[in-house]
Amino acid sequence: MIDFSSQINGVTQIFGRRLIFKDINYSFAPGCIYGISGKNGSGKSTLSKIILGLISPTRGKVIHKSEGKEIIPEKLHDHIGFVSPYLFLYDEFTAWENILFFQKIRGIEPDIEKSKFLFEQFGIYDRRNDLLKGYSSGMKQRIKFIFALIHSPGLLLFDEPTSNLDTAGKDTVYKIIEESGRERIVIIASNESTDLGLCTKTLDVEQFKTKEN
Amino acid sequence: MKAFSLFIKDWKSELRTRYAINALAMFILVTISVILFSIGQEKISEYLTGGLLWVVIFFSAMSGLSRAFVSEEERGTTLTLQLIASPSNIFSGKLIFNVLLVFLMNLVIAFLFFILFESFVIKSTGLFWLSFLLGNLGIAVSSTIIAAIISKANSKGTLYPVLSFPILLPLILTLLELTKFAIDGETIGDSYVELFVLISYDVIMLTASYLLFDFIWKE
């Protein structure tokens, strides 16, 4: 199991005068699948972005530790994998080129075998040399999973992981989530009951919405 | 190495989309044609040609150099970049891309000025090319950090030259002075004050850009 932990300490997010959530304290440990639930607009994606260090919270902080040492924000991207509907890859490149570029930019030697394995697992190996702009939304969703998994991160966060996927795609994603959840931290932000059904613990954002002003 | 890989990604992307190269090529062609038409048969002074060179360079830079960050924002790939590289590597990658683009663009502009304008005669070529080198670096650094700032704004196209003008003004004024010296045939030794101003500008902008980029980049 990967030695990785994440802790949300007193995180509050306010946009303008609107309180999104207040004083969230929560810990994530490997070997468990966590869910973030809440109705539309409740702040699931905002909390996801805060966990990943993509936006700064109004108050509080998120601490990530790898092998007991706190990860500095500049290095956090090496330890996280993210899939979301608002994540876009480069349409002018093929799926294969996208994944190779991402590995090179991360500073890791492109792992052809692992790339091939993941492309096959998601059933898009035959279409790997097609430009991404020719991909359907479901295929684009599959390539996002390869993007998230290729560097073996300690924390995987999937925001609405099964959007645009067909039944076979959903099955592959659920299998990946279950496998990854055994050794890393997996967080699913979703409204889908089937997605949240995989989770062993669920953080309901609605519970942290107390009126201010 | 990570920054260089990002630069390679951007360069290949540019070769496929021609987002900046086409805009720059068209802008250079149009501005130089307009200048030539407006001059007609008149002979303009050397100093005026030197000034026009930097006017064309400034506005050409404004037409294409924002691409580095604006295209990422428009395509929604900013988040992807945040997930694969640190802010300093992203800035370095984008800076290498803009340095290459500025040098290519300005070499073409300078070449066209040399062959199309009779009065554009540089007596001190060493001084001219040294100023050209330092000036290009300054333009590339400034335009990269300004591109990062305006990429988050709504009116990107308008904001870029407006925001760039005060930041690039000291650089352009120094370059105008140095071009005048080069036309007059002054040596590098005679112009060391202006050259130091250029070097200082480049160093200050580069340092400030790296310090500020982290704050600009994060939402």
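Here the structure is a predicted model, which is why all the values come from computation and not from measurement.

Caption draft 1: View of the overall build of chain A. Tallying secondary structure elements over chain A gives 6 helices and 9 strands in all. Principal-axis analysis of the C-alpha atoms places the extent of chain A at approximately 55 × 35 × 30 Å. The buried share among the 213 residues of chain A stands at 54%. Long-range contacts, defined here as pairs at least 24 residues apart, represent 71% of the contacts in chain A between residues at least 6 apart. Of the side chains in chain A, 28 bear a positive and 27 a negative charge, and the two mean positions are spaced by 6 Å.

Caption draft 2: Spatial organisation of the sheet that holds strand 6 (residues 80-83) of chain A. Residue and element names in this part refer to chain A. Strands sit in the order 6-7-8-3-9 across an open sheet of 5 strands; the sheet is parallel. Bordering the open sheet on either side are strand 6 and strand 9 (201-204), each of which pairs with just one other strand. Pairs of neighbouring strands in the sheet enclose a mean axial angle of 15°, with direction left out of account. One ladder, built from 5 bridges, connects strand 3 (residues 32-37) with strand 8 (residues 185-189); its direction is parallel. The partner of G35 across the bridge, within strand 8, is I188.

Caption draft 3: Region of interest: the packing of aromatic side chains. Inspection of every chain in the model, using the stated rule, returns 33 aromatic pairs over all chains. Note on Y90 of chain A and F93 of chain A: the rings are 6.3 Å apart at their centroids and 65° apart in plane angle, and the pair reads as edge-to-face. Side by side, Y90 of chain A and F93 of chain A carry an identical accessibility label, which is buried. Taken together, the ring pairs connect W54, F113, F114, F117, F120, F128, W129 and F132 of chain B into an aromatic cluster. Directly above the ring of W217 of chain B sits K152 of chain B, whose terminal nitrogen or CZ lies 5.3 Å from the centroid.

Caption draft 4: Representation of the sheet that holds strand 2 (residues 18-28) of chain A within the structure. Residue and element names in this part refer to chain A. If you walk across this open sheet you meet the 4 strands as 2-1-4-5, and the pairing is antiparallel. The open sheet terminates on both sides in strands that have one partner only, identified here as strand 2 and strand 5 (69-70). Here strand 1 (residues 4-15) runs beside strand 4 (residues 59-66); their pairing, made up of 7 bridges, is antiparallel. Across the sheet, residue S5 finds its bridge partner in strand 4, namely K65. Set on the sheet, helix 1 (residues 44-51) makes contact with strand 1, strand 2 and strand 4; between it and strand 1 the angle comes to about 130°.

Caption draft 5: Quick peek at the confidence of the model for chain B. Across chain B, the average pLDDT comes to 90, with 100% of residues at 70 or higher. Across chain B, element-level confidence peaks in helix 6 (residues 87-116) of chain B with a mean pLDDT of 93 and bottoms out in helix 4 (residues 67-75) of chain B with 86.

Caption draft 6: Highlighting a nonpolar patch on the surface. All names here are of chain B. Judged by side-chain polarity, L36, L107, F111, F114, I115, L116 and W129 come together as a nonpolar surface patch covering roughly 640 Å² of accessible area. In terms of residues, the nonpolar patch owes the most to one element, helix 6, which gives 5 residues. Note that L116 resides in helix 6. Judged by its relative accessible area of 39%, L116 is partly exposed.

Caption draft 7: Expanded view of unusual backbone geometry. Residues and elements named next belong to chain A. Even without a glycine there, the phi angle at E67 is positive, about 50°. Among the secondary structure elements, E67 is positioned in the loop between strand 4 and strand 5. Unusually for a residue other than glycine, E160 sits at a positive phi of about 45°. If you trace the backbone, E160 turns up in the loop between strand 7 (155-159) and helix 5 (167-181).

Caption draft 8: Layout of helix 3 (residues 112-121) of chain A. Residue and element names in this part refer to chain A. All of the buried residues in helix 3 are S115, L118, F119 and Q121. For helix 3, the angular spread of the buried residues around the axis is 160°, confining them to a single face. A side-chain oxygen of the first residue of helix 3 lies 3.4 Å from the backbone nitrogen of E113; this N-cap is D111. Looking at the residues trailing helix 3, positive phi occurs at G123, about 70°.

Caption draft 9: Quick peek at the side chain of E72 of chain B. Within the element layout of this structure, E72 of chain B appears in helix 4. Setting aside residues up to four positions removed in sequence, E72 of chain B forms contacts with Y90 of chain A together with K9, D10, T77, T78, L81 and K94 of chain B.

Caption draft 10: Quick look at the pairing of strand 4 of chain A. Sheet topology places strand 4 of chain A next to strand 5 of chain A; 2 bridges connect them, and they run antiparallel. Across the sheet, S66 of chain A pairs through a bridge with K69 of chain A, a residue of strand 5 of chain A.

The rules we used
Residues numbered from 1 in each chain as written. Chains lettered and ligands numbered in written order. Predicted model: local features only at pLDDT ≥ 70, side-chain atom pairs only at ≥ 80, totals over all residues. Heavy atoms only, no water. Helix = DSSP H or I, 4+ residues; strand = E, 2+ residues; numbered from the N terminus. Buried < 20%, exposed > 50% of the residue type's maximum accessible area, 1.4 Å probe, protein only. Contact = heavy atoms within 4.5 Å. Lys, Arg positive; Asp, Glu negative; His and termini not counted. Charge placed at Lys NZ, Arg CZ, Asp CG, Glu CD. Pairing = 2+ DSSP bridges. Axes fitted to C-alpha atoms, helices over the stretch in contact; angles between N-to-C directions. Phe/Tyr/Trp six-rings, centres within 6.5 Å; stacked < 30°, edge-to-face > 60°. Lys NZ or Arg CZ within 6 Å of the ring centre and 35° of its normal. pLDDT = per-residue confidence, 0-100. Patch = residues over 30% accessible without salt bridge, like charges linked within 9 Å, V, L, I, M, F, W, Y side chains within 5 Å. Areas by Shrake-Rupley, 256 points an atom, 1.4 Å probe, with all protein chains shown as cover. Salt bridge = Lys/Arg side-chain N within 4 Å of Asp/Glu carboxyl O. Arc of directions from axis to C-beta. Polar contact = N/O pair within 3.5 Å; in protein donor to acceptor, adjacent residues only side chain to side chain.

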